[in-house]
Amino acid sequence: MTGGFDIGVRARARCDRLGLAPYSEVEGQLTRRFLTPAHAAALVTLEDWMAQAGMSVRRDAAANLIGRYEGEAPGAKALIIGSHIDSVRNGGRYDGPLGIMLGIDVVEALHRAGRRLPFAIEVVAFGDEEGSRFPASMSCSRAIAGTLDSLALEMKDADGVSVAEALAAFGGDPAGIASAARKPDDVLAFLEAHIEQGPVLEAEGLPLGVVTAIAAQKRIMVKIVGTAGHAGTTPMGLRKDPGPAAAECMLALERICRAGTDGLVGTVGRISALPGAFNVIPGAVEFSMDIRAETSATRDAAVDAICAEIHAIVGARGLTAEIHLMQALAESPCDPSLIGLLEEALSDLSLPARRLPSGAGHDAMVMADLCPTAMLFIRCEGGISHNPAEAVTEADCALAARAMLTFIDKLERRERA
């Protein structure tokens, strides 16, 4: 069926190509944020690859790139295969793009075989999953799922540019963003292939895994406000320094999450002291907190406990705290019937059907508001992700592509039954 090209292997090579200039904003590393020239360059190349694979290609109002391989009947429901094209700062080459490239390879295999299905296949490159430019994440999949809050367009990046302004300059349509939403009756299911971003599959010697559910997540921004002063002339006992208070809050986050259950984890990924000078006691310290767990109940209990500690810490120091919820995503179980089809596909390839949850968030958890979802995990070296050292093997990528094709075979039989 592959028609003379190395399905899956080529997908990996294409990810490597997109890890270089002009597909990155920074020379010598991969940084590709939403609505930047690097994002635009990646879409131009992806458009070409999708067209070569036999797809019609378009962009929606939210700057998602969508390639469609029509089914036996025009306008048929679509199986959407997709992931994200953006990256974190100084990230890896496979987190997100590999799922897109594998989708393109799978469609090209079908196209070369002259095969049409009772459903269409669409390959989608979501522009923003990481939230590396704007405070919230997954805005593009939320646009397609019809769950994007209009207030999300008002969020601003570090340079004060709003999502709406950046989207308009990119050629998107912020005023018509609602047109990106898909109708549930037009979508059959969503399949996302993604590197595991964890060590489980490698530790067990397995190339692939079947995701059961995606963890619940909340992102909050905390601003602790004190009084700026001279670093050399203000006695320690007379200071209202938000720095040590912020450190206490971060330690409280660590302590609460270490003691938690249901895979509870907490991370401070962004910290800034204002005004940010060596010789000035900061007037304020801002930092992010990312809290995740397998269930919303566990996550929410941890967030409540952390917020209570923040207020107690700053109160004891005569400071104030502002806490803003930036994003809340509920846990997202994958569809049981699609999990079964993926397990059967792995079994047909003589692979164990290892089930595992995802602690990382993915577009699939947003797409679950639109349609049934499934996720295939691919082993990554050392479990490393969000890091230039991110790595996958050609053999595992080839197996992933074969598993996806086998999944499609089984989905076709189900739809024809």
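Residues numbered from 1 in each chain as written. Predicted model: local features only at pLDDT ≥ 70, side-chain atom pairs only at ≥ 80, totals over all residues. Heavy atoms only, no water.

1. Overview of the UniProt feature "binding site: allantoate" (unreviewed entry) in the chain
Logical step 1: According to UniProt, the "binding site: allantoate" (unreviewed entry) feature falls on Arg 219, Asn 279 and Arg 292. Spanning 74 residues, the named residues do not form one spatial group; their C-alpha atoms are separated by as much as 36.5 Å.
Logical step 2: Checked against the element boundaries, Arg 219 lands in strand β7 (residues 216–225).
Logical step 3: Contacts of Arg 219, omitting those with residues within four sequence positions, involve Glu 130, Gly 131, Pro 135, Ala 136, Ser 137, Met 289, Asp 290, His 324, Leu 325, Met 326 and Gln 327.
Logical step 4: Among the polar contacts made by the side chain of Arg 219, one reaches the main-chain carbonyl oxygen of Pro 135 at a distance of 3.3 Å.
Logical step 5: For Arg 292, the position within the fold is in strand β12 (residues 284–293).
Logical step 6: When residues no more than four places from it in sequence are discounted, the contact partners of Arg 292 are Ala 216, Gln 217, Gly 263, Leu 264, Val 265, Gly 359, Ala 360 and Gly 361. (UniProt positions renumbered as here; feature names shortened; annotations may be inferred. Helix = DSSP H or I, 4+ residues; strand = E, 2+ residues; numbered from the N terminus. Contact = heavy atoms within 4.5 Å. Polar contact = N/O pair within 3.5 Å; in protein donor to acceptor, adjacent residues only side chain to side chain.)

2. Comments concerning the pattern of salt bridges
Logical step 1: This structure, assessed with the given rule, holds 29 salt bridges.
Logical step 2: The partner of Lys 218 in a salt bridge is Asp 300, and the shortest N-O contact between them spans 3.1 Å. Of the two residues, Lys 218 sits in strand β7 while Asp 300 sits in helix α8 (residues 296–316), which places them 82 residues apart along the sequence.
Logical step 3: When the shortest N-O distance is used, the salt bridge between Glu 415 and Arg 414 registers 3.4 Å.
Logical step 4: By relative accessible area, which is 35% here, Arg 414 ends up partly exposed.
Logical step 5: Each of Glu 72, Arg 115, Asp 409, Glu 412 and Arg 416 takes part in a single network of salt bridges with overlapping partners. (Salt bridge = Lys/Arg side-chain N within 4 Å of Asp/Glu carboxyl O. Buried < 20%, exposed > 50% of the residue type's maximum accessible area, 1.4 Å probe, protein only.)

3. With respect to the domain arrangement of the chain
By a widespread convention, an interface's size corresponds to the accessible area lost as its parts come together.
Logical step 1: Here the domain parsing of the chain yields domain 1 (9–214 + 331–416) and domain 2 (216–329).
Logical step 2: Summarising the inter-unit geometry, the C-alpha centres of domain 1 and domain 2 are found 33 Å apart.
Logical step 3: Taken together, the contact pairs 15 residues of domain 1 with 10 residues of domain 2.
Logical step 4: Buried area between domain 1 and domain 2, both sides added, is near 920 Å², and the carbon and sulfur share of it is 45%.
Logical step 5: Our count for the domain 1 to domain 2 interface comes out at 0 salt bridges.
Logical step 6: Counting every contact that joins domain 1 to domain 2 gives 5 residue pairs in polar contact (both at pLDDT 80 or more). (Domains from an automatic or database assignment. Buried area = accessible area lost by both parts, 1.4 Å probe.)

4. As for the nonpolar core
Logical step 1: Within the largest apolar cluster, 105 residues are counted, with the highest numbers of intra-cluster contacts made by Leu 46, Leu 98, Leu 102, Ile 104, Leu 208, Phe 407 and Ile 408.
Logical step 2: The element contributing the most residues to this core is helix α11 (residues 394–416), with 10 residues.
Logical step 3: Here Leu 46 is in contact with Leu 65, Ile 85, Ile 100, Met 101, Ile 104 and Ala 125, once residues within four sequence places are set aside.
Logical step 4: Of all hydrophobic cores here, the second largest spans 26 residues; its members include Leu 253, Ala 302, Cys 307 and Val 314. (Core = buried A, V, L, I, M, F, W, Y, C linked by side-chain atoms within 4.5 Å.)

5. What to know about helix α9 (residues 336–348)
Residue pairs spaced three or four apart in an α-helix point in one direction, given the helix's 3.6 residues per turn.
Logical step 1: Over its 13 residues, α9 runs 18 Å from end to end, which matches the ideal 18 Å to within 8%, given 1.5 Å per residue.
Logical step 2: Listed as buried for α9 are Leu 338, Ile 339, Gly 340, Leu 341, Leu 342, Glu 343, Ala 345 and Leu 346.
Logical step 3: On its buried face, α9 sits against β5 (187–195), β6 (208–214), β15 (355–358), β16 (373–378) and α11.
Logical step 4: Positive phi shows up at Ser 350, right after α9, with a value of about 60 degrees. (Expected span 1.5 Å × (residues − 1).)

6. So, the packing of aromatic side chains
Logical step 1: If you walk through the whole model with that rule in mind, you get 2 aromatic pairs.
Logical step 2: Aromatic side chains Phe 34 and Phe 134 sit 6.5 Å apart centroid to centroid with 80 degrees between the ring planes, which places their arrangement in the edge-to-face category. Taken as a pair, Phe 34 in the loop between α1 (9–17) and α2 (37–52) and Phe 134 in the loop between β4 (120–126) and α4 (139–145) lie far apart in primary sequence, 100 residues in all.
Logical step 3: Residue Phe 134 is classed as buried on the basis of its relative accessible area, which comes to 2%.
Logical step 4: With a centroid separation of 6.1 Å and an interplanar angle of 55 degrees, the aromatic rings of Phe 126 and Phe 190 are classed as tilted. Pair noted here: Phe 126 is in strand β4 and Phe 190 is in strand β5, with a separation of 64 residues, a long-range link.
Logical step 5: The cationic tip of Arg 116 hangs over the ring face of Tyr 69; the distance from NZ or CZ to the ring centre is 4.0 Å. (Phe/Tyr/Trp six-rings, centres within 6.5 Å; stacked < 30°, edge-to-face > 60°. Lys NZ or Arg CZ within 6 Å of the ring centre and 35° of its normal.)

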